[in-house]
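As a plain string of letters, each chain reads:
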Amino acid sequence: INSKVIQPTSCEEEIESRSRVMRNKSKILIYAMVSIRVRSLSSLARVDLRSDTVTLPTEAMSKAMQSAKCDDDVLGRDPTVQKLEERVAHMLDKEDAVFVPSGTQANLIAVMAHCWERSCEYIVGDAAHIYLYEQGGGAVVGGAHPRVVPTQDDGSLSLDTVESLIRSDDPHFPVSKLFCLENTHNVKGGTVLTQEYMKQARKLCDRKQLKLHLDGARLWHAAHALDLSMAQICADADSIAVCLSKALGAPAGSLLVADSDTIAKAKRLRKLLGGAMRQSGVLAAAGLIALDEQFPKLPQDHFRAATIADAIQAEYLRDFVQIERYPETNILFLNLHPDAHVDPDALVPYCAEEHDVHFLQIGKPGRYRLVLHHQVDDSKLERTIAALRGARDKLLSN
Ligand SMILES: Cc1ncc(COP(=O)(O)O)c(C=O)c1O
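Residues numbered from 1 in each chain as written. Predicted model: local features only at pLDDT ≥ 70, side-chain atom pairs only at ≥ 80, totals over all residues. Heavy atoms only, no water.

A word on the side chain of Glu134
The residue Glu134 is located in the loop between helix 5 (129-132) and helix 6 (137-140) in this model. Although Glu134 is buried, it makes no salt bridge; Lys246 carries the closest opposite charge, 8.0 Å away. Apart from the residues within four sequence positions on either side, Glu134 is in contact with Thr104, Asn107, His129 and Asp215. (Helix = DSSP H or I, 4+ residues; strand = E, 2+ residues; numbered from the N terminus. Buried < 20%, exposed > 50% of the residue type's maximum accessible area, 1.4 Å probe, protein only. Lys, Arg positive; Asp, Glu negative; His and termini not counted. Salt bridge = Lys/Arg side-chain N within 4 Å of Asp/Glu carboxyl O. Contact = heavy atoms within 4.5 Å.)

Here it is as structure tokens:
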């Protein structure tokens, strides 16, 4: 009998060990339930139109990143980075290029390289990304003074206004050195600068001895929209910043492209700004795939942006939202109809919560931005239009 009596200590141990098993089992169960839920949510495939920067690397990009040949790029030895720089410089028909972590840094380096001496000034649009969204880096970090010009609806700046603002040689003034343009223009809705405008801007810069920098984060789109090569579209610019991480879909990376003297300065500045990276061939490899895989497909994003615009202009949604301008590329801005009595803050959460369709309210209440990219396919396009219709039914009737 004694031998069958469970000793108090071993009884406690038994209880503890059984409850440990139970705890583990329930943990496993909870984990399984959560992962099923996560998987089922992801299979619902959220429609993410907040930006074209939200894309995830494609399978080909991931594979290329895994097998990228790398070395130390700070020592100038990473073969994949070199390949990317050569390829993009060649595509844009310029002498050289430098790979940097972001578009912001490419623009800042351009401003600093062109405004190399003290007391320089750069002319920039009031709606330019360089001016609005980069913390005024040209002034804050680069010590150059921004001269700001109103941006016109098509993303251009009046060349007469620009000319009137170029400084005369006077010790009271900074020295005008640089004119910055943006193509396509983000805040103006993916608008494209015409070749004629670029030619006139070039002439002005030559006459006044200014350099011309192009923030071409989405220049790839402009080339498709005008049916021109990248070389043609940036022929009149001295330097160009292009991004791989917008609609081209690479996870990170931009290039500054220019003549070799400017790129030599840019490489010094990149180091100064902390943008020189070591085995950055891992990122460059995804960029090379993006050029092959995504660049040719961009017109489909333009087509889808236009399809949403068409649906909005059709009878059903017309009294609810209006397009700001017909999209030329992959960005579409909408405004609530002035007569629609709708809480402007309600549209984004409604579409997100009820339809898993996400976009941003930008600039002012009732102004929304939808950005198309290669991870929005036709079924997601339909869901976007359905979400807007649902929002009209729900929010207009309330
Ligand atoms: C026109 C334009 N220029 C520059 C940038 C900056 O790029 P990044 O976010 O890589 O710094 C952006 C970002 O959206 C942009 O839209």
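Quick notes on the packing of helix 4 (residues 103-114) against helix 11 (residues 260-272)
Look at helix 4 against helix 11: their axes get within 9 Å of each other, and the N-to-C directions meet at 120°. In terms of orientation, helix 4 and helix 11 fall into the oblique class. When the axes of helix 4 and helix 11 are compared, the crossing they make is right-handed. Contacts between helix 4 and helix 11 pair Gln105, Ile109, Met112, Ala113 and His114 from the former with Thr262, Lys265, Ala266, Leu269, Arg270 and Leu272 from the latter. A breakdown of the residues in the contact of helix 4 with helix 11 according to their chemical character gives six nonpolar, three polar and two charged. (Axes fitted to C-alpha atoms, helices over the stretch in contact; angles between N-to-C directions. Parallel < 35°, antiparallel > 145°, perpendicular 65-115°, else oblique. Left-handed = near helix turned anticlockwise from the far one by under 90°. Nonpolar A, V, L, I, M, F, W, Y, C, P; charged D, E, K, R; others polar.)

A word on the sheet that holds strand 9 (residues 321-323)
On the basis of which strands lie adjacent, the open sheet formed by four strands has the order 9-10-13-12 and antiparallel pairing. A strand with exactly one partner marks an edge of an open sheet, and here the two such strands are strand 9 and strand 12 (360-361). Bridge analysis of strand 9 against strand 10 (residues 331-336) gives three bridges, and the strand direction is antiparallel. Its bridge partner being in strand 10, Ile323 is matched across the sheet by Leu334. Relative to strand 9, helix 13 (residues 298-313) is tilted by about 135°, and along the sheet it contacts strand 9, strand 10 and strand 13 (367-371). (Pairing = 2+ DSSP bridges.)

Remarks on the confidence of the model for the protein chain
Scored by pLDDT, the protein chain comes out at a mean of 91, with 88% of its residues at no less than 70. Low pLDDT, under 50, characterises residues 1-9; the predicted model gives this stretch one contact beyond four residues in sequence or across chains. Contacts from residues 27-43, a stretch scored under 50 in pLDDT, to residues over four places away or in other chains number zero contacts. (pLDDT = per-residue confidence, 0-100.)

Observations regarding the pattern of salt bridges
What the rule picks out here adds up to 20 salt bridges. With a closest N to O distance of 3.5 Å, Arg46 and Asp48 form a salt bridge. Taking relative accessible area as the criterion, Arg46 reaches 36% and is therefore assigned partly exposed. For Lys177, the salt bridge is made with Glu117, and the minimal N-O distance between the two is 3.8 Å. Placement of the pair is Lys177 in strand 5 (residues 175-182) and Glu117 in the loop between helix 4 and strand 3 (120-125), with a sequence separation of 60 residues. Within this structure, Arg46, Asp48 and Arg50 form a network of salt bridges that share partners.

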